[in-house]
Amino acid sequence: MAKIETPRPVRGTQDMLGGTTEAFQERFAHVVATFDRVRKLYGFQRVEVPVFESTGVFARSLGESTDVVSKEMYTFEDRGGDSITLRPEFTAGISRAYITEGWQQYAPLKVATHGPLFRYERPQKGRFRQFHQLDAEILGAGEPGADVELLVFADQLLRELGVSDGVTLTLNTLGDAASRDAWRAALVEHFMSHTHDLSEDSRDRLHRNPLRILDSKDPRDRPIADSAPDIDAYLTDEARSFFEKVTAGLDAAGVAWERNSRLVRGLDYYRHTAFEFVTDRLGAQGTVLGGGRYDGLIENLGGPSTPAVGWAAGIERLAMLVDMPAIDKPAIAVIPMGEAAEMKATGIIADLRRAGVACDMGYRGNMKKRMQRANASGAAWAIILGDDELARGEAAVRNLGTGEQQAVLLDALIGTVTAL
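So, a few notes on the structure that sits alongside this text.

Thresholds applied
- Residues numbered from 1 in each chain as written.
- Predicted model: local features only at pLDDT ≥ 70, side-chain atom pairs only at ≥ 80, totals over all residues.
- Heavy atoms only, no water.
- Pairing = 2+ DSSP bridges.
- Helix = DSSP H or I, 4+ residues; strand = E, 2+ residues; numbered from the N terminus.
- Axes fitted to C-alpha atoms, helices over the stretch in contact; angles between N-to-C directions.
- Parallel < 35°, antiparallel > 145°, perpendicular 65-115°, else oblique.
- Left-handed = near helix turned anticlockwise from the far one by under 90°.
- Contact = heavy atoms within 4.5 Å.
- Nonpolar A, V, L, I, M, F, W, Y, C, P; charged D, E, K, R; others polar.
- Salt bridge = Lys/Arg side-chain N within 4 Å of Asp/Glu carboxyl O.
- Buried < 20%, exposed > 50% of the residue type's maximum accessible area, 1.4 Å probe, protein only.
- Arc of directions from axis to C-beta.
- Polar contact = N/O pair within 3.5 Å; in protein donor to acceptor, adjacent residues only side chain to side chain.
- Phe/Tyr/Trp six-rings, centres within 6.5 Å; stacked < 30°, edge-to-face > 60°.
- Lys NZ or Arg CZ within 6 Å of the ring centre and 35° of its normal.
- Expected span 1.5 Å × (residues − 1).

On to the sheet that holds strand β2 (residues 52–54). Pairing within the open sheet is antiparallel, and its three strands lie in the order β2-β4-β3. The sheet is open, and its two edges are formed by β2 and β3 (75–77), each paired on a single side. Taken pair by pair, the neighbouring strands of this sheet meet at an average axis angle of 35°, ignoring direction. Bridging between β3 and strand β4 (residues 83–86) involves three bridges; their strand directions are antiparallel. Bridge assignment links Phe 76 to a residue of β4, and that residue is Ile 84.

Bringing the packing of helix α1 (residues 24–41) against helix α5 (residues 144–160) into the picture now. It is the contact of α1 with α5, at a shortest axis distance of 10 Å, that shows an interaxial angle of 140°. Viewed along their axes, α1 and α5 adopt a mutual orientation that is oblique. In terms of crossing hand, the pair formed by α1 and α5 is right-handed. Contact residues: Thr 34, Phe 35, Arg 37, Val 38, Arg 39 and Leu 41 in α1; Phe 153, Gln 156, Leu 157 and Glu 160 in α5. Here the residues of the contact of α1 with α5 sort into five nonpolar, two polar and three charged.

A few words now on the packing of α5 against helix α9 (residues 237–253). The interhelical angle for the contact between α5 and α9, taken along N-to-C directions, is 40°, at an axis separation of 9 Å. On the basis of the axis angle, α5 is oblique to α9. Judged by the twist between their axes, the crossing of α5 over α9 is right-handed. Across the interface between the two elements, Pro 144, Asp 147, Val 148, Leu 151 and Val 152 from α5 touch Phe 242, Lys 245, Val 246, Gly 249, Leu 250 and Ala 253 from α9.

Per the stated rule, a full pass over the model turns up 18 salt bridges. When the shortest N-O distance is used, the salt bridge between Arg 293 and Asp 295 registers 2.9 Å. This pair shows no difference in class: Arg 293 is buried, exactly as Asp 295 is. In this structure, Arg 392 engages Glu 394 in a salt bridge whose closest nitrogen and oxygen atoms are separated by 2.7 Å. Its relative accessible area of 16% is what places Glu 394 among the buried residues. Through salt bridges with shared partners, a single ionic network connects Glu 53, Arg 96 and Glu 101.

What follows concerns helix α13 (residues 367–377). Helical geometry note: an α-helix holds 3.6 residues per turn, so side chains three or four residues apart project in the same direction. Looking only at α13, the buried set comprises Arg 370, Met 371 and Ala 374. In a view along the axis of α13, the buried residues occupy a sector of 100°, so they form one face of it. Opposite the buried face of α13, at more than 90 degrees from it, the exposed residues are Lys 368 and Ala 376. Among the structural elements, β12 (332–336), α12 (339–354), β14 (381–385) and β15 (394–399) are those in contact with the buried residues of α13. The distance from a side-chain oxygen at the start of α13 to the backbone nitrogen of Lys 368 is 3.2 Å, and the residue carrying that oxygen is Asn 366. In the segment just after α13, Gly 378 is the residue with positive phi, at about 90°.

Moving on, we get to the side chain of Thr 113. The topology assignment puts Thr 113 in strand β5 (residues 109–118). Taking relative accessible area as the criterion, Thr 113 reaches 1% and is therefore assigned buried. Within the structure, Thr 113 has its side chain in polar contact with the backbone oxygen of Val 47 (distance 2.8 Å).

Backbone torsion omega between Ala 107 and Pro 108 reads -5°, so that peptide bond is classified as cis. Note that Pro 108 resides in the loop between α4 (91–100) and β5. If you check the backbone angles, His 272 has positive phi at about 50° while not being a glycine. Topologically, His 272 is positioned in strand β9 (residues 271–279).

Here the structure, examined in full by the defined rule, presents six aromatic pairs. Relative to Trp 311, the ring of Phe 35 has its centre 6.2 Å away and its plane inclined at 70°; by these criteria the two rings are edge-to-face. Remark: Trp 311 occurs in strand β11 (residues 308–314) and Phe 35 occurs in helix α1; sequence separation between them is 276 residues. Pair check on accessibility: Phe 35 and Trp 311 agree, each one buried. One aromatic cluster is present, built from ring pairs that chain together Phe 35, Tyr 42, Phe 44, Phe 153 and Trp 311. Between the NZ or CZ atom of Arg 129 and the centre of the ring of Tyr 120, over which it lies, the distance is 4.0 Å.

This part takes up helix α6 (residues 177–192). With 16 residues, α6 extends 22 Å from end C-alpha to end C-alpha; this agrees with the ideal 22 Å at 1.5 Å per step. If you check which residues of α6 are buried, you get Ser 179, Arg 180, Trp 183, Ala 186, Leu 187, His 190 and Phe 191. When α6 is viewed along its axis, its buried side chains cluster within an angular range of 130° and face the same direction. Those residues of α6 that are exposed and aimed more than 90 degrees away from the buried face are Asp 181 and Glu 189. Close packing links the buried residues of α6 with α7 (200–208), α8 (222–226), α9 and β9.

As structure tokens, then:
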């Protein structure tokens, strides 16, 4: 009979197992648990949106000319002939739901979510084709206070994860529509005068998305981008005031920040605040959390004009930075010997778990092997049950740290163990 060949995992995906000393899953779960705890402090509701959407949700939100839409999306035709895309980011799906589910009635709406996203790109350190993000959004709030709250939330999250050392909040303003249009025209004029010296990608961006040339990594582009005009010369009074209120709010909250006048969000619906928390601890790919204000997106999807601001953070990237959390260990190891004892132990362990006690029981092995596994599990106590103990209506309870052992009546076992 021919050997069955097991399919390999798809490139850019990963399997994660918890419970081992080096388990990535433990750090991954720690990031998610910390995010869920902190977002509750800030009053952000958990929201769920579908893993796949109509392709138009992302094409209209991100723009047909962006790399994500043109090169990276997982798009397919379903059995009904509709074009479907696995979500490459959260904001577009949340914005779509805000319109179609009538969430406008709850504005200003603070929501948060986390889960898998999908992009077909070259896998590298901390970057996968199925990857996971944390996401936080405030929809329906045009005040600078919303930007400040999101940034303080992000800062506290990174602090509570223990990764804030070596992470810097970089901040910029993209101005209001008038500021941005004037700046964009000045950038186009500047880059047009250097067309022949730009890289091929930047010459292409010049007509589609000129702001993205500012953060080009191509060495041919850097001198030209560095000499480009800053937005400050084109800010309206209103846009300047908005940015000043954001930075004043950060100062009042004790959140350190640095200005980066080259930080951009290239899509047309971005306005005012743009930000990234960056680190040099992950090599060239230094952003651990980023976002900005996207006042034009919901309108772009056919909804009413709605101000909004949000951020996203890669869970894998944060997990690479956090220290290994303590692995959850069972408090009790139940060790039965013999069929009758195993049956009794099944009831005991069920009662203990219902009482909120973490416990475990091996399925096989002699007394010595089961005791070895109990010690290796990190359990503090062992309940030992054999034919002799059953006959006396009791169990032996052993402190696995000291080796001390006491006999406890079965009727009093649950109460005695939970008290321990």
